[in-house]
Amino acid sequence: MPESDCLFCKIIAGEIPSSKVLESDTTYAFRDINPQAGVHVLVVPRTHYEDAEELAKAPKELADVIATGVEIAKQEGIDQSGFRLVFNTGEHAGRTVFHAHLHVLGGEQLGHFGRPGG
Ligand code: 5GP
Ligand code: ZN
C-alpha cells in the first residue's frame, strides 16, 4: 500500500484528526477510536513500517515505540495496576491497519490471551 493511502500516516500528518496522548521525535500516540479497555492507546512510529517484522529492522524506532508505550502507562496512571502491549499480525490476530502499531491496553481487568471469550 502506498504510504499516501495509509490511515496512520494521515493521522501522523494531521490530515485525519486524532486524540493525541503523547509524541516524540520518532513516535506518535493517540487514543483508539474503538477502545477495547478503559485505556486503549495506539503508538506508531512516524516512519511507515508495514508491520512488526519491518519495524524490528529499525531497532532504535522499535525501542522508541515500546518506551513510548511504557511512558503512556505512567501518564495514564496504569503502570502500577498493570497494562498490556500488543502487536497484532495477520488475519488470525484480527489485524486491520498496515502501519505498524503498538496497542497499550489497561485501566481495568483484562481478559486472558487467546481464544475469543478465553
Ligand atoms: P489492528 O486491528 O490493526 O491491530 O488495530 C487497528 C486499530 O486501529 C483498531 O483497534 C481500530 O479501532 C483503530 N482504528 C482504526 N481506524 C482508526 C481511526 O481512524 N482513528 C483511530 N484513533 N483509531 C482507529
Ligand atoms: Zn503509514
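Everything here concerns the structure above.
Residues numbered from 1 in each chain as written. Chains lettered and ligands numbered in written order. Predicted model: local features only at pLDDT ≥ 70, side-chain atom pairs only at ≥ 80, totals over all residues. Heavy atoms only, no water.

S.K.: Run through the coordination of the zinc ion (ligand 2), naming residues and quoting values.
M.R.: Those protein atoms acting as donors to the zinc ion (ligand 2) are C6 (SG), C9 (SG), H48 (ND1) and H99 (ND1), and they sit at 2.0 to 2.3 Å. Around the zinc ion (ligand 2), the 4 donor atoms sit at angles spanning 107 to 116°, and that spread fits a shape best called tetrahedral. Given a relative accessible area of 14%, H48 falls into the buried group. (Donors = N, O, S within 2.8 Å, 3.2 Å for Na, K, Ca; no water. Tetrahedral: all angles 85-135°; square planar, octahedral: opposite > 155°, others 65-115°. Buried < 20%, exposed > 50% of the residue type's maximum accessible area, 1.4 Å probe, protein only.)

S.K.: I'd like a description of the environment of E23, backed by residues and values.
M.R.: Turning to its location among the elements, E23 is positioned in strand β1 (residues 20-23). For E23, a relative accessible area of 39% puts it in the partly exposed group. Sequence separation between E23 and E61 is 38 residues, and the spatial gap between their C-alpha atoms is 13 Å. Contact partners of E23, with chain neighbours within four places excluded, come to Y28 and R46. Side chain to side chain, E23 and K20 meet in a polar contact 2.6 Å long. One polar contact links E23 to R46, side chain to side chain, over a distance of 2.6 Å. (Helix = DSSP H or I, 4+ residues; strand = E, 2+ residues; numbered from the N terminus. Contact = heavy atoms within 4.5 Å. Polar contact = N/O pair within 3.5 Å; in protein donor to acceptor, adjacent residues only side chain to side chain.)

S.K.: Give a description of the environment of V70 that names residues and reports values.
M.R.: Mapping V70 onto the fold places it in helix α3 (residues 59-75). Judged by relative accessible area, V70 falls into the partly exposed class, the value being 31%. Taking the C-alpha atoms as reference points, V70 and P59, 11 residues apart in sequence, are found 16 Å from one another. If near-sequence neighbours (up to four positions away) are discounted, V70 is found in contact with F83 and L85.

S.K.: Would you mind going over the pairing of strand β2 (residues 27-31) in detail, with residue names and values included?
M.R.: The buried fraction of β2 is high, at 4 of 5 residues. With 3 bridges joining them, β1 and β2 adopt antiparallel strand pairing. Bridge assignment links E23 to a residue of β2, and that residue is Y28. Linking β1 back to β2 in an antiparallel pair, the connection comprises 3 residues. Here β2 runs beside strand β3 (residues 39-45); their pairing, made up of 5 bridges, is antiparallel. Within β3, the position partnered with Y28 by the bridge is V44. (Pairing = 2+ DSSP bridges.)

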